[in-house]
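Descriptive structure summary
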Amino acid sequence: MNTSQITAVDNTADDIVHELLSPDAILGLGFGFWGSKTLLSAIELGVFGALADGPLGAEELRTAVGIHPRSALDFFDALVALGMLTRDDAGYSNTPETGLFLDPAKPSYVGGILEMNNDRLYGFWNSLTEGLRTSEPQNEVKSGGRNYFADIYAEPGPLHSFLAGMSGISIGASVALADAFPWDSHQRFCDLGTAQGMAPAKIAQRHPHLAGIGFDLPPVGPVFEEFIEAQGLAGRVSFAGGDFFTDPLPEADVYLMGHILHNWSLPEKQALLRRVYDALPDGGALIVYDALIDDERRSNTFGLLMSLNMLIETPAGVGYTGADCQAWMSAAGFRDSYVKPLAGPDFMVVGLK
Ligand SMILES: C[S@@+](CC[C@H](N)C(=O)[O-])C[C@H]1O[C@@H](n2cnc3c(N)ncnc32)[C@H](O)[C@@H]1O
């Protein structure tokens, strides 16, 4: 028997019921931040980049990442136990996944968003309880700092890192989107709030007949254009700068909004859906994709926690289910809609005009 299992006695039933209960799941979740922070520190220290060219012994790796000897072995072996490194006679190595996704020199690097978690959200989530009590954001705004997003949009370096981080979390959904929608019957698409342009890139690469536009705030333009050029799509996918609440939307017969609606209040969400509906021609479609909350509100943990993250980061943003989005689409005028899974926690809701 597992030593952490204990016998519980339920005296409320007519027959006394003995069942084996374990606190393991509770304790595992309560201590989950240990593992999470160990990974985030490994990214901050450059562990995965240091192993990009092959295995290193413990002392070589310790020197490469510049940490004190005291906890170096425990740190590296914890990463082995967490499944983020392997260890054999040659030393420590990246796993196939960490070698592909956490080596900063590779275009497949997804660590930008995890760097942001380490620098910002890890600390801000410490104030989740206060956010729940007050409904106030718990990020830089709380301490009187400038709005984080205003700051990063003012500087090319941080803006590039943020937008590349967005690509890191959207690549799976973007690849899936290219197959999940009947693109053959459409010609022009526009991705609203496109960031670096991962979704337009993956869709245009898969469907050479399509022309695409990435729409975002004007400072995003140079980062988008650099990325699209590197993907070999410069002639076919272009950038349009503007504010999706107030500026005319570029003409298209399919619009996309990825990881956008959860940032905004219900009236703002509904206003965006109405604007897209008005801009679409008959026969056009809107694809909303997001880490949706499941309709039963009990299983898509990432979608539910993402909604709590909107509490930390925004004045009124909140997550939503596929059924919520379909109801808003119907109220905006869309004649029909459907929900389909994409990748990981991401689902798309397609509205048809
Ligand atoms: C969370 S990111 C999502 C990026 C991308 N769609 C994805 O799924 O990875 C939100 C994007 O919306 C853009 N955005 C925010 N407010 C906007 C506005 N008022 N008009 C246009 N774009 C906006 C941001 O610049 C950012 O690129």
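The preceding data block contains the structure.
**A short note on the overall build of the chain**
Each helix and strand counted, the chain has 15 helices and eleven strands in total. Principal-axis analysis of the C-alpha atoms places the extent of the chain at approximately 65 × 65 × 45 Å. Split into buried and exposed, the 353 residues of the chain put 45% on the buried side. When contacts within the chain are restricted to residue pairs at least 6 apart in sequence, those whose partners lie at least 24 apart make up 64%. Summing over all exposed atoms, the chain offers an accessible surface of approximately 17,900 Å²; the carbon and sulfur share of this is 57%. Measuring between centres, the 21 positive side-chain charges of the chain sit 4 Å from its 44 negative side-chain charges.

**A word on the sheet that holds strand β10 (residues 336-341)**
Hydrogen bonds between backbone groups are what pair the strands of a sheet, and the pairing can be parallel or antiparallel. The seven strands lie next to each other as β7-β6-β5-β8-β9-β11-β10, forming an open sheet whose pairing is mixed. Looking along the sheet, the strands with just one partner apiece sit at the ends: β7 (237-241) and β10. Mean inter-strand twist for the sheet, computed between neighbouring axes without regard to direction, equals 20°. The pairing of strand β6 (residues 211-216) with β7 spans five bridges and is parallel. Along β7, the bridge assignment pairs Gly214 with Phe239.

**Here we look at the pattern of salt bridges**
Counting across every chain of the model gives eight salt bridges. Each of Arg120, Glu140 and Glu313 takes part in a single network of salt bridges with overlapping partners.

**Structural notes on the site of the ligand**
With respect to spatial proximity, 18 residues lie near the ligand, and among them Tyr153, Ser170, Gly193, Asp216 and His259 are the closest. Between Asp243 and the ligand, the recorded distance is 3.0 Å, taken from a side-chain N or O atom to a nitrogen atom. Backbone polar atom of Gly258 to a nitrogen atom of the ligand: 2.8 Å apart, as the coordinates give it. Burial of the ligand by the protein amounts to 90% of the accessible area it has alone, namely 600 Å². Across the shell around the ligand, the residue classes break down as ten nonpolar, six polar and two charged.

**A short note on the packing of helix α7 (residues 111-124) against helix α10 (residues 156-180)**
For any two helices packed against each other, the geometry comes down to the angle between their axes and how far apart the axes lie. Contact geometry for α7 and α10: axes closest at 6 Å, N-to-C directions at 115°. Together, Gly112, Ile113 and Met116 of α7 and Phe162, Gly165, Met166 and Ile169 of α10 make up the contact between the two elements. Considered class by class, the residues forming the contact of α7 with α10 number five nonpolar, two polar and no charged.

**Details of the packing of aromatic side chains**
For the coordinates displayed, the defined rule picks out twelve aromatic pairs. Seen in terms of ring centroids, Phe31 and Trp34 are 4.7 Å apart; in terms of plane orientation they differ by 75°. Their pairing is edge-to-face. Lying across the ring of Tyr122, Lys37 places its NZ or CZ 5.7 Å from the centre. Against the face of Tyr277 rests Lys353, its NZ or CZ located 4.3 Å from the ring centre.

**A look at the side chain of Arg120**
Secondary-structure assignment places Arg120 in helix α7. Within the local environment of Arg120, its side chain forms a polar contact with the side chain of Glu313, the two groups lying 2.9 Å apart.

**Describing the nonpolar core**
Within the largest apolar cluster, 26 residues are counted, with the highest numbers of intra-cluster contacts made by Leu192, Tyr255, Met257, Leu286 and Val288. Elements that contribute at least two residues to this core include exactly β5 (188-192), β6, β8 (254-258), α13 (266-279), β9 (285-291) and α15 (322-332). Those residues in contact with Tyr255 that lie beyond four places of it in its chain are Cys190, Leu192, Leu249, Pro250, Val276, Ala279, Leu280, Ala285, Leu286 and Ile287.

**Focus: the environment of Asp89**
Its location among the elements puts Asp89 in the loop between β3 (85-88) and β4 (91-94). Along the sequence, Asp89 and Glu19 sit 70 residues apart, while their C-alpha atoms lie 45 Å from each other.

**Concerning a nonpolar patch on the surface**
A cluster of nonpolar side chains, Ile26, Leu27, Phe31, Phe33, Trp34 and Tyr122, forms an exposed patch at the surface whose accessible area comes to about 650 Å². Here Trp34 lies in helix α2 (residues 32-45). Accessibility expressed as a relative area gives 54% for Trp34, which makes it exposed.

**Focus: the side chain of Asp346**
Counting through the fold element by element, Asp346 comes out in strand β11 (residues 346-352). Those residues within four positions of Asp346 in sequence are excluded, and the remaining contacts are Ile169, Ala173, His259, Asp290, Ala291 and Pro341.

Parameters and conventions
Residues numbered from 1 in each chain as written. Predicted model: local features only at pLDDT ≥ 70, side-chain atom pairs only at ≥ 80, totals over all residues. Heavy atoms only, no water. Helix = DSSP H or I, 4+ residues; strand = E, 2+ residues; numbered from the N terminus. Buried < 20%, exposed > 50% of the residue type's maximum accessible area, 1.4 Å probe, protein only. Contact = heavy atoms within 4.5 Å. Areas by Shrake-Rupley, 256 points an atom, 1.4 Å probe, with all protein chains shown as cover. Lys, Arg positive; Asp, Glu negative; His and termini not counted. Charge placed at Lys NZ, Arg CZ, Asp CG, Glu CD. Pairing = 2+ DSSP bridges. Axes fitted to C-alpha atoms, helices over the stretch in contact; angles between N-to-C directions. Salt bridge = Lys/Arg side-chain N within 4 Å of Asp/Glu carboxyl O. Near = heavy atom within 4 Å. Polar contact = N/O pair within 3.5 Å; in protein donor to acceptor, adjacent residues only side chain to side chain. Nonpolar A, V, L, I, M, F, W, Y, C, P; charged D, E, K, R; others polar. Phe/Tyr/Trp six-rings, centres within 6.5 Å; stacked < 30°, edge-to-face > 60°. Lys NZ or Arg CZ within 6 Å of the ring centre and 35° of its normal. Core = buried A, V, L, I, M, F, W, Y, C linked by side-chain atoms within 4.5 Å. Patch = residues over 30% accessible without salt bridge, like charges linked within 9 Å, V, L, I, M, F, W, Y side chains within 5 Å.

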